[in-house]
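What follows is the residue order along each chain.
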Amino acid sequence: MSSSSSLSLPRSLARLYPFAKPAMPRVIGGIAAALLASLASLAIPIVLQWVVDGPLLTGDRRLIVWSVMAVLALGVAEALFIFLRRAFVLRPMTEVEFSIRQTFYERLQRLQVSFHDRWQSGQLLSRMMQDIGLIRRWLTFGSIMLLVNVLTMLIGIGLLFRWHWALGTVFFVCSLPIWIVGYRFEQAYGALSRKSQDQSGDLATAVEESVHGIRVLKAFGRGGHALGQFRRQAESLRSTELRKAREVGLIWFWYDMVPVLAIGLCLMTGVVLVGLHQLSVGELFAFFALAAALRWPMNSLGFLFSFMIDARTATDRVFEVFDAEITITDPSDPKTIVDPRGALVFRNVHFRFADAREREIDLLDGLDLALRPGETLALVGATGSGKTTLTTLPTRLYDVTEGAVELDGVDVRDLRLEELRRRIGVAFEEPILFSASVRENVLLGRDDLEIGSDEAEAVLQEALEVAQAGFAYELPNGLDTEVGEEGLSLSGGQRQRLALARVVAAAPDVLVLDDPLSALDVDTEALVEAALRRVLANTTALIVAHRPSTVSMADRVAVIQDGRVTEIGTHSELLRTSEHYRFLISTLESGDSTQSGQEVSR
Amino acid sequence: MSPESVQGTRGEDRETYTREESRAIRRRSLRLLASILRPFRKLIALTVTVVVISAVLRAIGPSLVAYGIDDALPRAISAGDWWPAIGITAAYLAVGGIGAGLVGWYVVLIARLTQAVMIELRTRIFRHTQRLSLEFHEGYTSGRIISRQTSDLESIQELLDGSLSELIDAVLLGAFTLIALFLIDWRSGLILVGMGVPLGLLMWWFVVQSQRGFRATRVVSARLIVQFVETMTGIRAVQAFRREKRNDREFARVSDDYRRANLRVINLFGTLDPGLVMLGNITVAVVLLWGALRVVDGGLAIGVLLAAVLYVRNFFGPLEDVAMFLNSYQSAVAALEKVSGVLEEEPTVEDPQNPVPLAHARGELRFDGVSFGYGGAGGGRTVLAECDLTIPAGQTIALVGTTGAGKSTLAKLVARFYDPTEGCLTLDGIDLRELDPSDLRRAIVMVTQEAYLFSGTVAENIALGKPDATTEEIQAAAIAVGAHEFISKLPDGYDTDVNKRGGRVSAGQRQLISFARAFLADPAVLILDEATASLDLPSERLVQDALQTLLADRTAIIIAHRLSTIAIADRVLVMEHGRVVEDGSPEALVAAKGRFAALQRAWEDSLV
């Protein structure tokens, strides 16, 4: 999240062009309509003048009626062109906004998990809503008005020159500070604009956390504390906004002052010129009519400048996501697995997080591990030994930094992500459900089945049975009950069972389960284990285990320590031979812990 | 109070309301706006004064130029008296300069007002959502609260920030011109007044349509935010289950709804604005025709006609700004409707009217005929039925039973996440509903399975248990629960930012951190709801050891599926279908060969 862009303002905004391109013909139409509307509105006073000087003096009623009709026609035309200006650009620009937003979302979904680790979702959210909305408003309104107003100003100043060179020069020289002030403003306001938009992203993050962590805050009664922190963040946003306002106030002052100065000096010069008989009174009057018409475009420049800078900041923030490299992609020359057996091999695997310090050793430090087809292997290790990280490597949520993970002899990086993630199914430590029905959540990995078909229902039923998730039938709307954020809230154990059902339903060649039964009670756990055994009989599985009961499902156990597999064997072998293993997995090392506990508590 | 159908956040997703409902939520939101603006009366008065003065000054400017040409110029030429011309120019510059200065000042003032209002609204929503009971949060997604706090507030900010000066300008100018027009030619004035009828109709049409339109945009934008937040928080599952393409379609659908909703309201404005220009130009034409005919008949001076036409044009120019104001106003009020709905929600767990203080709790808990059902008394399904129970101070209780037996509910009642639907629950003889909330939170702390970490350092996360804790205290707590070792191995130790390395702090480590939090909080009653589920056995053993000292002098309620935790309990309660079916010391229950004995056996089997 760099604090400012290295690109200049126009180049920064020019990056929007590919998105705006489809709308360009209509934008040009819109600009034409805007200019025509201005012309019509300028023509009305001219006709009025003509009426006053002509037919009104001669008293020709017919001509009066006709000229009034002309005024009316021009008036209607003006309204029509104003309408057209919007009709041209409004819809296409909402489509441009839509396509930027869609690209943004699609890109985020494909950016690797390590990107998401670094970015707070509030920051992403404020870009998705606020910044992209701002870009649309800038494209629809700001950019066109800026163009039209600058054009009007240039044409106007040109006309003033033609009218009278001396007055024109005075006016032009007086309007020069606009550009100087504008340049200084860009420097000062640009940084503030960036800061304020970043801070409002942080604020969104704070709100999100306060809601996601509501149970903790309530349990400790720390609502007030959180509020205090939130308020401090909100206060710093406010102070940035107020500093922005001071800059805006200053530029509005100048952009109001400059035309005043110009007109004031022209008045004086004009009077002198008339005195010297260089200019007629009528000409002077007309000059002021024109100069007055230039006042609004000049005034509006201040507003449009700050708008443009805000749009640039928004563009930069959005493009930070577009520019982030997607490192985990489909290979250029994908292989396929011809004979899927489900052999998963970790070969000299090294892994370190991108933001790890230099002195840190690799989290996985040359790990070798081979799962035979159909085998169930339990992974045991102390907290923080890298077990969970290991489970993210086969599906390429992260990529190894060195070495390789191979599925059926093919490096996972040589497989298309789609195929890889279809072949390997993973259930996370923390079950994640989406706002959808139970049915859709469980069948998430089965895009080959049509939801509601007999086959799908059979898979669903089977999966729910294995995961002992029969409670789902009892939910208010049965399997059509909405769960997830927007739906019914389930207990941790229920969520975990649905997540397990999901990975079972996906029927992958290889199952990767990260402590899949932690939230279940003993009875349910035993039932799930019994059912899982059936599934595991002919599926390769890697299971992170914290408990002897989970380990009991495995054919072999691998012990992971200091980023390597230090021991491997059956549960009973390891219990016999490895002290470290006993330390990790046995509750009975110091005799019956039930009794030892009671002794202390008495 | 709003009608029941739109009370609080109810009916929030509807786009149409009955007239009565619509009026009620609009009133509710305006009341909110008024209550927020009230403390800033002085600032508002100052801002308005500045705007009025600057509007007047801006109106004076052109007349000075006119006067300069009409009056000072001839004098300078004919009489050689340059002073009036110089004076006029100086006056013009002065008036313009002061006007420009006031405009700049206004920008700063209005930002102060806007920001003050924003802070107030943000704080209110934040404080209120924190106050609302869990029941509310379980039904109202985080995405919606976020959208209330972000995109809704943005609409309100736009109203305050941009539109006030335009509105005042326009109203003042409109009033001045109308009076002036009547003074010089009342017939033209009548035409203008007559045009008020179609003008009013046009505005009324816009107000009615845009109210509906803006409501729809608020609903859809919340949906968009919910979808987005859910995808980003669940990104691992999204990618692992290849949900990207389906999500793309889903998001595109909601995003397109949002686009349409937006387009609908901007199109409304796109009709209103040229409509106003059209009415203005027609009026000019009518005034011109009637005036010109009168001039020809000798009933009107040309100069007067010219002035009348100019005034009419001046009148309609600023109306565009009024339209802009109406537009922002409608958008902001639609947002305020949603915000005020959240603020209208009442916590089902209410703060006591006359809180009873309890400085030093001993920790005796008593359940007196406590029943609880989700969805209120009578109607909902009963989760806990007529529970009578006394837990003496200092006792460690283990709650055992299958999922859905009511263990967590019992715990949540003690932590006052919910209130009993019947009966009462006391701590040291004081009904929890009467107890001072901050004393309650100090006395009773609950640690749950989901160990949520907030962004910030590890130390800050532990300090949540006791915000004024010293570094030594924080470390001592971590050491006590066995978290110190892994924390010191983190790159920056206690100062490691958990957010940046969120992927690296495992579920087990998070649980250790939240244990340290609870240790630091030092409550009289500690509730552990599956708080050790994700720990590996070595860590669990450390926690067990820590618990034995930690729980020695306090009341504890432990819910755990692993009976190892129960080892340290003095007393076990076996629950089934919302009732306590067995109650006794672990040995007694094992001896009784009931449910607990069976569970104990199953657990021991699982250890082999």
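Because the structure is predicted, anything quoted here is derived from the model rather than measured. (Residues numbered from 1 in each chain as written. Chains lettered and ligands numbered in written order. Predicted model: local features only at pLDDT ≥ 70, side-chain atom pairs only at ≥ 80, totals over all residues.)

1. Quick look at the overall build of chain A
So, step 1. Of regular secondary structure, chain A possesses 23 helices and twelve strands.
So, step 2. By its C-alpha atoms, chain A is 115 × 55 × 55 Å across when sized along the principal axes.
So, step 3. Here chain A, with 602 residues, has 51% of them falling under the buried criterion.
So, step 4. Long-range pairs, those at least 24 residues apart, make up 77% of the contacts in chain A with a sequence separation of at least 6. (Helix = DSSP H or I, 4+ residues; strand = E, 2+ residues; numbered from the N terminus. Buried ≥ 20, exposed ≤ 12 C-beta atoms within 10 Å, placed from the backbone. Contact = placed C-beta atoms within 7 Å.)

2. A word on the overall build of chain B
So, step 1. For chain B, the helix and strand inventory stands at 20 helices and ten strands.
So, step 2. Scaling as 2.2 N^0.38, a compact globule of 608 residues should have a C-alpha radius of gyration of about 25 Å, whereas chain B reaches 35 Å, well beyond that.
So, step 3. Each of the three principal axes of chain B carries a C-alpha extent, and together these read 120 × 55 × 50 Å.
So, step 4. Relative to its full complement of 608 residues, chain B shows a buried share of 50%.
So, step 5. By sequence separation, contacts in chain B at least 24 residues apart represent 78% of the contacts at least 6 residues apart. (Rg over C-alpha atoms; globule rule 2.2 N^0.38 Å.)

3. Digging into the nonpolar core
So, step 1. Residues Leu379(A), Ala501(A), Val414(B), Ile462(B), Val481(B), Ala516(B) and Ile558(B) are the most contacted members of the largest nonpolar core, which totals 364 residues.
So, step 2. Among the elements that take part in this core, helix 11 (residues 223-275) of chain A stands out by supplying 22 residues, more than any other.
So, step 3. In contact with Val481(B), not counting residues within four places along its chain, are Leu512(B), Phe515(B), Ala516(B), Phe519(B), Val543(B) and Ala546(B). (Core = buried A, V, L, I, M, F, W, Y, C linked by C-beta atoms within 7 Å.)

4. Considering the sheet that holds strand 2 (residues 364-371) of chain A
Residues and elements named next belong to chain A.
So, step 1. Taken together, the four strands give an open sheet; going across it, the order is 2-1-4-5, and neighbouring strands pair in antiparallel fashion. Each end of this open sheet is capped by a strand with a single partner; those strands are strand 2 and strand 5 (410-411).
So, step 2. Of the pairings in the sheet, the one linking strand 1 (residues 344-351) to strand 2 comprises six bridges and is antiparallel in character. Pairing of His350 across the sheet is with Asp365, part of strand 2. (Pairing = 2+ DSSP bridges.)

5. Structural notes on the interface of chain B and chain A
So, step 1. Tallying the contact residues gives 146 residues for chain B and 146 residues for chain A.
So, step 2. It is helix 8 (residues 244-296) of chain B that provides the largest number of residues to the side of chain B that touches chain A, a total of 27 residues.

6. Let's talk about the sheet that holds strand 5 (residues 430-431) of chain B
Backbone-to-backbone hydrogen bonds join strands into a sheet, with any given pair of strands oriented parallel or antiparallel.
Residue and element names in this part refer to chain B.
So, step 1. Here four strands make up an open sheet; going across it, the order is 2-1-4-5 and the pairing antiparallel. Edge positions in the sheet fall to strand 2 (381-391) and strand 5, since each has one partner strand and no second.
So, step 2. Pairing between strand 1 (residues 365-374) and strand 4 (residues 422-427): five bridges, direction antiparallel. Bridged to Phe367 within strand 4 is Leu425.
So, step 3. Its contacts with the sheet place helix 11 (residues 407-414) against strand 1, strand 2 and strand 4, and it is angled at close to 120° to strand 1. (Axes fitted to C-alpha atoms, helices over the stretch in contact; angles between N-to-C directions.)

7. Remarks on helix 11 of chain B
Residue and element names in this part refer to chain B.
So, step 1. Burial runs high along helix 11: eight of the eight residues are buried.
So, step 2. Listed in full, the buried residues belonging to helix 11 are Lys407, Ser408, Thr409, Leu410, Ala411, Lys412, Leu413 and Val414.
So, step 3. Phi turns positive one or two residues past the end of helix 11, at Arg416, with a value near 55°.

8. Some points on the packing of helix 8 of chain B against helix 9 (residues 302-316) of chain B
All names here are of chain B.
So, step 1. At their nearest, the axes of helix 8 and helix 9 sit 9 Å apart, and the two run at 170° to each other. When the axis of helix 8 is compared with that of helix 9, the two are roughly antiparallel. Judged by residue contacts, Leu276, Gly280, Thr283, Val284, Val287, Leu288, Gly291, Ala292 and Val295 of helix 8 engage Ile302, Leu305, Ala308, Val309, Val312, Arg313 and Phe316 from helix 9.
So, step 2. Residues that form the contact of helix 8 with helix 9 fall into these classes: twelve nonpolar, three polar and one charged. (Parallel < 35°, antiparallel > 145°, perpendicular 65-115°, else oblique. Nonpolar A, V, L, I, M, F, W, Y, C, P; charged D, E, K, R; others polar.)

9. Description of the packing of helix 5 (residues 142-184) of chain B against helix 10 (residues 319-344) of chain B
Residues and elements named next belong to chain B.
So, step 1. Between helix 5 and helix 10, the shortest axis-to-axis distance is 8 Å and the interhelical angle comes to 150°. In terms of axis orientation, helix 5 runs roughly antiparallel to helix 10. The handedness of the crossing between helix 5 and helix 10 comes out as left-handed.
So, step 2. Along the lines of polarity and charge, the residues of the contact of helix 5 with helix 10 split into 14 nonpolar, five polar and seven charged. (Left-handed = near helix turned anticlockwise from the far one by under 90°.)

10. With respect to the confidence of the model for chain A
Atomic detail in the predicted coordinates should be set aside for any region of low pLDDT.
So, step 1. This prediction gives chain A a mean pLDDT of 86; 96% of its residues lie at or above 70.
So, step 2. Predicted confidence is poor over residues 589-602 of chain A, with pLDDT under 50, and the contacts of this stretch with residues over four places away or in other chains come to 18 contacts. (pLDDT = per-residue confidence, 0-100.)

11. Considerations on the pairing of strand 10 (residues 579-584) of chain B
Residues and elements named next belong to chain B.
So, step 1. Where strand 9 (residues 571-576) and strand 10 come together, five bridges link them in antiparallel fashion. Among the inter-strand pairings, Val572 is bridged to a residue of strand 10, identified as Gly584.
So, step 2. What sits between the antiparallel neighbours strand 9 and strand 10 is a turn of two residues, in which His577 has the positive phi angle 45°.

12. What to know about the environment of Asp583(B)
Residue and element names in this part refer to chain B.
So, step 1. Considering the arrangement of structural elements, one finds Asp583 in strand 10.
So, step 2. Looking at Asp583, the number of C-beta atoms within 10 Å reads 15, which means it is partly exposed.
So, step 3. C-alpha separation for the pair Asp583 and Thr231, spaced 352 residues apart in sequence, amounts to 45 Å.

13. Here we look at the environment of Gly168(A)
All names here are of chain A.
So, step 1. Here Gly168 shows up in helix 8 (residues 165-175).
So, step 2. According to the C-beta neighbour criterion, Gly168 is buried, with 20 such atoms within 10 Å.
So, step 3. Sequence spacing of Gly168 and Gly156 is twelve residues, and the spatial spacing of their C-alpha atoms is 9.6 Å.

14. Topic: the pairing of strand 1 of chain B
So, step 1. Pairing between strand 1 of chain B and strand 2 of chain B: seven bridges, direction antiparallel. Residue pairing in the sheet places Phe372(B) in a bridge with Leu384(B) of strand 2 of chain B.

15. As for the confidence of the model for chain B
So, step 1. Taken as a whole, chain B shows an average pLDDT of 87; of its residues, 97% reach a score of 70 or greater.
So, step 2. Two summary scores accompany this predicted model of the complex, namely pTM at 0.88 and ipTM at 0.88.

16. Observations concerning the environment of Arg148(B)
All names here are of chain B.
So, step 1. Here Arg148 shows up in helix 5.
So, step 2. Overall, Arg148 belongs to the buried group, with 26 C-beta atoms counted inside 10 Å.
So, step 3. Measuring from C-alpha to C-alpha, the distance between Arg148 and Glu135 comes to 19 Å, with 13 residues separating the pair along the chain.
So, step 4. Those residues in contact with Arg148 that lie beyond four places of it in its chain are Ile125, Lys338, Val339 and Val342.

17. What to know about unusual backbone geometry
So, step 1. At Arg396(A), a position not held by glycine, the phi torsion is positive, near 60°.
So, step 2. Take Arg396(A): it is sitting in the loop between helix 13 (387-392) and strand 4 (402-407).
So, step 3. The phi torsion at Arg242(B) lies on the positive side, around 55°, for a residue other than glycine.
So, step 4. On the secondary structure map, Arg242(B) appears in the loop between helix 7 (235-240) and helix 8.

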